[in-house]
Amino acid sequence: MSGRVHRGFHTYANKIYSEILEEIRQGRKKDQDVYVCGHSLGGAMAVIIAEQLVADGIPIKELRTFGQPRVGTKGYCKHLDVCGIGAYKRYVNNNDIVPKVPPTFMLFRHTGELNYINYYGQIRPCTSWQRVKDQFRGLGKALSKFQFFDFVMDHGMPYYIRYTSKIEKNDK
C-alpha cells in the first residue's frame with residue numbers, strides 16, 4: 001500500500017477488523033459476493049476494511065459509503081483504485097459537512113464514484129456550479145425554517161436512505 005491513511009480512521013478500523021474477517025471466513029459460502037458499506041466514520045472504516053479484506057484474499061463485489069470523510073492521501077487513493085475492490089460508490093448529500101473533512105490542505109482526498117445528491121434529492125453530476133447552486137438552495141430553505149445547521153442535517157442517514165432507495169430499485 002502506498003500513500004497515507006488518516007490515523008484515527010485506521011485505528012478504529014483495526015479495532016474491529018479481525019472480528020469482521022473471522023465472521024466473513026466462517027459465514028461466507030463459496031464464491032458468495034461480499035459487500036461493504038458504512039455511513040460517516042463507518043464509511044471511512046468501510047474503505048479501509050474493504051482494502052484489507054482484498055489484501056487478505058476476500059474479493060469485494062461492491063463498496064458503498066454515505067457521507068464519508070476523506071480517508072487518505074493521493075497515493076492511497078491511487079492504491080484503492082487498483083487494489084481490486086469492485087465497484088466503489090460514494091454518496092454525498094447536498095451540504096453534508098462530513099465529506100469535507102479532513103480538509104484538502106492536509107492532503108487528504110476522495111476516490112470512488114461520486115454520487116452527488118442535489119437539493120431536490122436527485123443524484124446528479126457534481127459540477128462546481130451545481131454545488132454552488134445547491135448550497136444556496138439548501139441554506140436558504142434551512143434559514144427560512146430557522147434551521148441554522150443545514151450542513152449537519154444533510155449528514156443524517158435518514159436523508160441518504162430516502163434519496164438512495166429510489167436509485168437502488170433501478171440498479172437491480
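Above: the structure in question.
Our subject in this report is the structure included herewith. What you see is a predicted model; the values in this text were computed from it and never measured. Within each chain, residue numbers correspond to sequence positions counted from 1 in written order. Given that this is a predicted model, residues contribute local features only at a pLDDT of at least 70 and side-chain atom pairs are listed and counted only at 80 or more, while totals for whole chains, interfaces and linings are drawn from all residues. Water and hydrogen atoms were dropped before computing side-chain values, which therefore reflect all heavy atoms in the structure.

Further remarks concern the nonpolar core. The nonpolar core is taken to be a set of buried Ala, Val, Leu, Ile, Met, Phe, Trp, Tyr and Cys residues, with the residues joined through side-chain atoms within 4.5 Å. Buried means the residue's accessible area, taken with a 1.4 Å probe over protein chains only, is under 20% of the maximum for its type, while exposed means over 50%, and partly exposed covers the values in between. Counting residues in hydrophobic clusters, the biggest one holds 26 residues, and the most contacted among them are Val36, Leu53, Ile60, Leu63 and Ile85. What counts as a helix is a DSSP run of H or I of at least four residues, what counts as a strand is a run of E of at least two, and both are numbered from the N terminus. When residues of this core are traced back to their parent elements, those giving at least two are helix 1 (7-27), helix 2 (41-55) and helix 3 (74-82). Among the elements that make up this core, the one with the highest residue count is helix 2 (nine residues). Once residues within four sequence positions are removed from consideration, Leu53 is found in contact with Tyr17, Leu21, Ile24, Val36, Ile58 and Ile60. Contacts are residue-level and defined by heavy atoms, with any inter-residue pair within 4.5 Å sufficient.

This next bit is on unusual backbone geometry. Along the chain, Val101 connects to Pro102 via a cis peptide bond; the corresponding omega equals -20°. The residue Pro102 is located in the loop between strand 4 (87-93) and strand 5 (108-109) in this model. Unusually for a residue other than glycine, Ser40 sits at a positive phi of about 60°. Structurally, the position occupied by Ser40 is in the loop between strand 1 (35-39) and helix 2. Unlike most non-glycine residues, Leu107 shows phi in positive territory, near 75°. By the secondary structure assignment, Leu107 is in the loop between strand 4 and strand 5.

A separate point is the sheet that holds strand 7 (residues 123-124). Strand pairing within a sheet occurs via backbone hydrogen bonds; the two strands may be parallel or antiparallel. Being paired, for any two strands, means DSSP has found at least two bridges between them. The sheet built from five strands is open, its strands ordered 1-2-4-6-7 with mixed pairing. Of all the strands in the sheet, the pair left with one neighbour each is strand 1 and strand 7. Note: strand 6 (residues 113-117) against strand 7, two bridges, orientation antiparallel. Paired with Tyr116 across the strands is Arg124, a residue of strand 7. Lines are fitted to the C-alpha atoms to define the axes, a helix being fitted only along its stretch in contact, and any angle between axes, read from their N-to-C directions, falls within 0 to 180 degrees. Lying over the sheet, helix 2 contacts strand 1, strand 2 (62-66) and strand 4, oriented at roughly 155° with respect to strand 1.

This part covers a nonpolar patch on the surface. Patch membership requires more than 30% relative accessible area and the absence of a salt bridge. Residues of like charge join within 9 Å; the nonpolar side chains Val, Leu, Ile, Met, Phe, Trp and Tyr join within 5 Å. The method behind every accessible area is Shrake-Rupley, applied with a 1.4 Å probe, and residues are considered shielded solely by the protein chains displayed. When a carboxyl oxygen of Asp or Glu lies within 4 Å of a side-chain nitrogen of Lys or Arg, that pair is called a salt bridge. A cluster of nonpolar side chains, namely Trp129, Val132 and Phe136, defines an oily patch on the protein surface of about 380 Å² accessible area. With respect to the helices and strands, the residue Trp129 is situated in helix 4 (residues 128-144). According to the relative accessible area criterion, Trp129 is exposed, its value standing at 59%.

A side chain with one charge may pair with a side chain of the opposite charge, provided their charged atoms come close. What the rule picks out here adds up to two salt bridges. Residue Glu62 is joined to Arg64 by a salt bridge in which the shortest nitrogen-to-oxygen separation is 2.2 Å. The burial state of Glu62 is the same as that of Arg64; both residues are buried. One salt bridge connects Asp134 with Arg137, and the closest N-O pair in it is separated by 3.1 Å. Note that Asp134 and Arg137 are positioned in helix 4 at a spacing of three residues, about one turn of the helix. Since its relative accessible area comes to 0%, Asp134 is described here as buried. On the basis of relative accessible area, Arg137 is assigned to the partly exposed category, the value being 29%.

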